[in-house]
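Notes for the structure review
For reference, the chains in residue letters:
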Amino acid sequence: MSGFEWLQPGIDRRRIVGQRQSHRSEHARVEVSAARKAAENSADALHALQTPEGYWCGDLTADVTLETDYVLLQLWLHPPTGTDWNQRHTTRMRRCGEAILERQLDDGGWNVYPGGPAEVNATVRAYVSLKLLGHDPESPCMVRARNRALALGGLHACNSYAKINLSLFGLYPRDRVPCVPPEIVLLPRNLLYEMSSWTRTIVVPLSIVQAYGKQRHAPEGFTLEELMVPLEGKRWPKRDWLATGFQQFDRVLKLWDKRGPRFVRAAALREAERWVLERTRYTEGLGAIYPSMMYFIMALDALGYAEDHPDLVNAVRQFEALLIETPERFEFQPCVSPLWDTAYACFVLGEAGLLRHEQALKAAEWLIEREVRRKGDWSVKRPELEPSGWAFEFQNEFYPDIDDTAQVLLAFKHVEASDPDRQERCVRRAINWLLGMQSRDGGWAAFDVDNNWEILNKVPFADHNAMLDPTCPDITGRVLEALCTHGLGHDRTAIQRGIQYLLGCQEANGSWYGRWGVNYLYGTFLSLRGLAATGDPSVKPATERAAKWIRSVQNRDGGWGESCASYDVDRFVPERSTPSQSAWALLGLAAAGDTGSIAMQRGIRWLLENQEPDGTWKEELATGTGFPRVFYLQYHLYRHYFPLLALATCGVNIRPADVSVALAPA
């Protein structure tokens, strides 16, 4: 039973027992009616967000480090001529400083996810940006920031990303940051493609900037000496022999940087320039993500591109398109999410039976037009595979991703374009592409195949926790659901391999790790949906264990919540209930065959009781993951479409409320 077929006037009275059968039956009808109204209001709110072109695109926001990097980019593009750099800047820069200050914590620091503790990289970078913007270092907010930064270890405790950025302005010694040589593009056996796609698009333009040695200088007299914790007597974490070896190799690279053959360096720079320029065609910025786009701008400047050169002008325009600037807000997005949001909105509204024909037609046409038909970086390892798939952003044809492609296929279950044959061809290509992108271990990753060369996590600039793109349960579960929805059975070899992958990486407590959403709730709900879609009866013991785990971590208020801190300790860390995570838990229970447990009833009621009058839900916490332990995301439409999907999927299981149920512990 799908959609709202369950919301009929009658109810199955065999499920209602006890002496007060008539009263309880009426109570159930009232609750089902409330769920129907809640779903309809939610659908109305979601429909209202569709653009005239047919797509949805919610805000996608993160921590304050995006604004701090913007300050450094402006310092690069508009170097100071004396001590007055901050005085020469526009209202935009003043607003940037205000946006940074608004997110300062009471203890003086800045965090990387809402509700989290102060984090050293965010705190140091925020302090540096505010000081560059002219804030008095002895003002109360700056003193608190400096004290907190020092308590966290100061500048020396920052990761390589922060140190490299500061080294470009003479604010951290160049000889103490990892060397990223442009010769990386000349390495044999396509070693560049053993790095994750996002790392490739960061390190290649960065290597150009480092190789040219072009350095901007901070305003006259500006230093960060006050952030330097003395190194004497400091005990550094022990490195294993491999990490130590790479550290020694970095010294060799620095020597090569100074004395290596110039003709090799020249050839590497030409190839690096060609590489980045090629990957800005058919896309909205290099990699269509903030750090790559920022380094691309700096690389073009280092290469000597004039300020009015079309490539540089376009790069700046695309970068600034990531800025949300209104009278009330000044906030950068790490990227934009129209394909993701559109695919999910269509799927959710379709599952609820509330997708309007005209809007569905527009969305289908819009999605089909954006199928990727050119070979991108993924084709290095799959050269014979016919191109297909979808990217996350409006246009990013070198980097279609597996997760978006699977979700678009799920959306096509409910939307039909004006040319059904064209849509069917599109679906067949996408299925074939997904099958071809399965990794050796049976799972699926985000952008690449077999991108799991663990040795790369030991290189000196790998401390941003983003060097690799390994397979993960959440994407694998979604791919299984998409493929099986389009007719592939559990007897297919690819499906069996995916099932075995999920069964093999289930945690001892029954949950699954979530790479792209926070965290075990996300990984578990998607793994369960994928396994359920296969129809393989052998997975039942695993799904029952997972459902038991979900019920065990329910909050006392009936909802579910999980902190980003779960990544730090490799186990579930509870947080106050959120609409997204409560919906994920309910969807996981439903996929595991929960037909109306107390936990499910309480979870549905939590959604009903916390819905806003406009049909939406409030969500202040980060439930999306960029890079675990480093960078987290707030998808502003998650609070719209996941609760609606949960109501559409689980609302059939509403039962009459009972005092003992309402007071039952999690």
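Whatever comes next refers back to the structure up there.
Read on for a plain summary of the structure.

What counts, and where the lines are drawn
- Residues numbered from 1 in each chain as written.
- Predicted model: local features only at pLDDT ≥ 70, side-chain atom pairs only at ≥ 80, totals over all residues.
- Heavy atoms only, no water.
- Helix = DSSP H or I, 4+ residues; strand = E, 2+ residues; numbered from the N terminus.
- Buried < 20%, exposed > 50% of the residue type's maximum accessible area, 1.4 Å probe, protein only.
- Contact = heavy atoms within 4.5 Å.
- Areas by Shrake-Rupley, 256 points an atom, 1.4 Å probe, with all protein chains shown as cover.
- Pairing = 2+ DSSP bridges.
- Axes fitted to C-alpha atoms, helices over the stretch in contact; angles between N-to-C directions.
- Parallel < 35°, antiparallel > 145°, perpendicular 65-115°, else oblique.
- Left-handed = near helix turned anticlockwise from the far one by under 90°.
- Nonpolar A, V, L, I, M, F, W, Y, C, P; charged D, E, K, R; others polar.
- Expected span 1.5 Å × (residues − 1).
- Salt bridge = Lys/Arg side-chain N within 4 Å of Asp/Glu carboxyl O.

**Structural notes on the overall build of the protein**
- A count of helical and extended segments in the protein gives 24 helices and 5 strands.
- Counting across all 666 residues of the protein, residues that qualify as buried make up 60%.
- Sequence separation of 24 or more characterises 74% of the internal contacts of the protein that already satisfy a separation of 6 or more.
- In the form shown here, the protein has an accessible surface area of approximately 27,100 Å², with 51% of it arising from carbon and sulfur atoms.

**Quick word on the sheet that holds strand E4 (residues 624–627)**
- Spatially, E1-E5-E4 is the arrangement adopted by the 3 strands of the open sheet, whose pairing is antiparallel. A strand with exactly one partner marks an edge of an open sheet, and here the two such strands are strand E1 (60–61) and E4.
- Here E4 pairs with strand E5 (residues 631–635) via 3 bridges, running antiparallel. Each residue of the ladder has a partner; that of glycine 624, found in E5, is leucine 633.

**Quick notes on helix H6 (residues 160–167)**
- In terms of residue burial, H6 counts as a mostly covered element, since 8 of its 8 residues are buried.
- The elements touched by buried residues of H6 are helix H2 (65–77), helix H4 (120–132), helix H7 (197–212) and helix H10 (290–302).

**Brief notes about the packing of helix H12 (residues 338–351) against helix H23 (residues 638–650)**
- Viewed as axis vectors pointing N to C, H12 and H23 meet at an angle of 25 degrees, and their least axial separation amounts to 9 Å. Relative to H23, H12 is oriented roughly parallel. You can see that H12 and H23 cross each other, and the crossing is left-handed. Between H12 and H23, the residues in contact are Trp340, Asp341, Tyr344, Ala345, Phe347, Val348, Leu349 and Glu351 and Tyr638, Tyr641, Phe642, Leu644, Leu645 and Ala648, respectively.
- Residues belonging to the contact of H12 with H23 are distributed by class as follows: 12 nonpolar, no polar and 2 charged.

**Quick notes on the environment of proline 327**
- Along the chain, the position of proline 327 falls in the loop between strand E2 (323–325) and strand E3 (330–332).
- Taking the C-alpha atoms as reference points, proline 327 and arginine 95, separated by 232 residues in sequence, lie 9.9 Å from one another.

**Some thoughts on H10**
- Here H10 contains 13 residues, and its C-alpha end-to-end distance of 19 Å stays within 8% of the 18 Å for a straight helix at 1.5 Å per residue.
- The element H10 is largely enclosed, with a buried count of 13 among its 13 residues.
- A positive phi of about 95 degrees marks glycine 304, the residue just after H10.

**Quick word on the pattern of salt bridges**
- A complete count under the given rule lists 36 salt bridges for this structure.
- We note a salt bridge from glutamate 98 to arginine 94, for which the minimum N-O separation is 2.7 Å. With a gap of 4 residues between them, glutamate 98 and arginine 94 both fall in helix H3 (residues 91–102), about one helical turn apart.
- A relative accessible area of 46% places arginine 94 in the partly exposed class.
- Close ionic contact of arginine 551 with aspartate 594 constitutes a salt bridge, the shortest N to O distance being 3.3 Å. Of the two residues, arginine 551 sits in helix H19 (residues 540–552) while aspartate 594 sits in the loop between helix H21 (579–591) and helix H22 (598–609), which places them 43 residues apart along the sequence.
- Note on aspartate 594: relative accessible area 10%, which makes it buried.

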